[in-house]
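# Structural overview
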Amino acid sequence: MALLQISQELQAHALALDELIAEALHAQQGLPGAHCIAAADFQQLTRELVRCAVIADREAGATWATIGEALGLSADAARARYGKVRLLWPPPPEPT
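Residues numbered from 1 in each chain as written. Predicted model: local features only at pLDDT ≥ 70, side-chain atom pairs only at ≥ 80, totals over all residues. Heavy atoms only, no water.

### Some words on the pattern of salt bridges
In the structure shown here, the tally under the stated rule is two salt bridges. Arg-51 is the partner of Glu-48 in a salt bridge, and the nearest nitrogen-oxygen pair spans 2.8 Å. Remark: Arg-51 and Glu-48 occur in helix α2 (residues 34–59); sequence separation between them is three residues, near one turn of the helix. Between Arg-79 and Asp-76 there is a salt bridge whose closest N-O contact spans 2.9 Å. Residue Arg-79 and its partner Asp-76 are both found in helix α4 (residues 75–82); the two are separated by three residues, about one turn of the helix. Residue classification places Asp-76 among the exposed positions, given a relative accessible area of 54%. (Salt bridge = Lys/Arg side-chain N within 4 Å of Asp/Glu carboxyl O. Helix = DSSP H or I, 4+ residues; strand = E, 2+ residues; numbered from the N terminus. Buried < 20%, exposed > 50% of the residue type's maximum accessible area, 1.4 Å probe, protein only.)

Have a look at this one:
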């Protein structure tokens, strides 16, 4: 369920970012920082999507080698990065 919700939020953010870029190109300018804010939101949701995907794949029996290969990591690196991952939704705010 969390994967579906995150996927829908990613899609909404992608559409909003696309509209923002189109508006900026049309106006030949954008609001200062607006693109970075939109991209940071997208990046945070993407990280959470990967976390959820790792949880789902592990529950389905995927090995750390399989997960690592999909993420461009070794099995040990994947285990070190995601081995203690738990589902947190909504994710906690990033420290500033």
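### A few points about the nonpolar core
Counting residues in each nonpolar core, the largest one holds nine residues, listed as Val-54, Ile-55, Ala-62, Trp-64, Ile-67, Leu-73, Ala-78, Tyr-82 and Val-85. Mapped onto this core, the elements with two or more residues apiece are α2, α3 (64–71) and α4. Other than its neighbours up to four places away in sequence, Ile-67 contacts Val-54, Asp-57, Arg-58, Ala-62 and Ala-78. (Core = buried A, V, L, I, M, F, W, Y, C linked by side-chain atoms within 4.5 Å. Contact = heavy atoms within 4.5 Å.)

### Here we look at the environment of Ile-55
Mapped onto the fold, Ile-55 is located in helix α2. On the basis of relative accessible area, Ile-55 is assigned to the buried category, the value being 16%. Distance from Ile-55 to Val-85, taken between C-alpha atoms, is 7.2 Å for residues 30 residues apart in sequence.

### Quick notes on the environment of Arg-51
Taking the relative accessible area as the measure of exposure, Arg-51 reaches 19% and is therefore buried. Sequence separation between Arg-51 and Arg-81 is 30 residues; the distance between their C-alpha atoms is 9.8 Å.

### Describing the packing of α3 against α4
Packing of α3 against α4 brings their axes to within 7 Å, and their N-to-C directions diverge by 90°. With respect to α4, the axis of α3 lies roughly perpendicular. Residues Trp-64, Ala-65, Ile-67, Gly-68 and Leu-71 of α3 touch α4, and the partners they reach there are Ala-75, Ala-78, Arg-79 and Tyr-82. Each residue belonging to the contact of α3 with α4 can be placed in one class, and the counts come to seven nonpolar, one polar and one charged. (Axes fitted to C-alpha atoms, helices over the stretch in contact; angles between N-to-C directions. Parallel < 35°, antiparallel > 145°, perpendicular 65-115°, else oblique. Nonpolar A, V, L, I, M, F, W, Y, C, P; charged D, E, K, R; others polar.)

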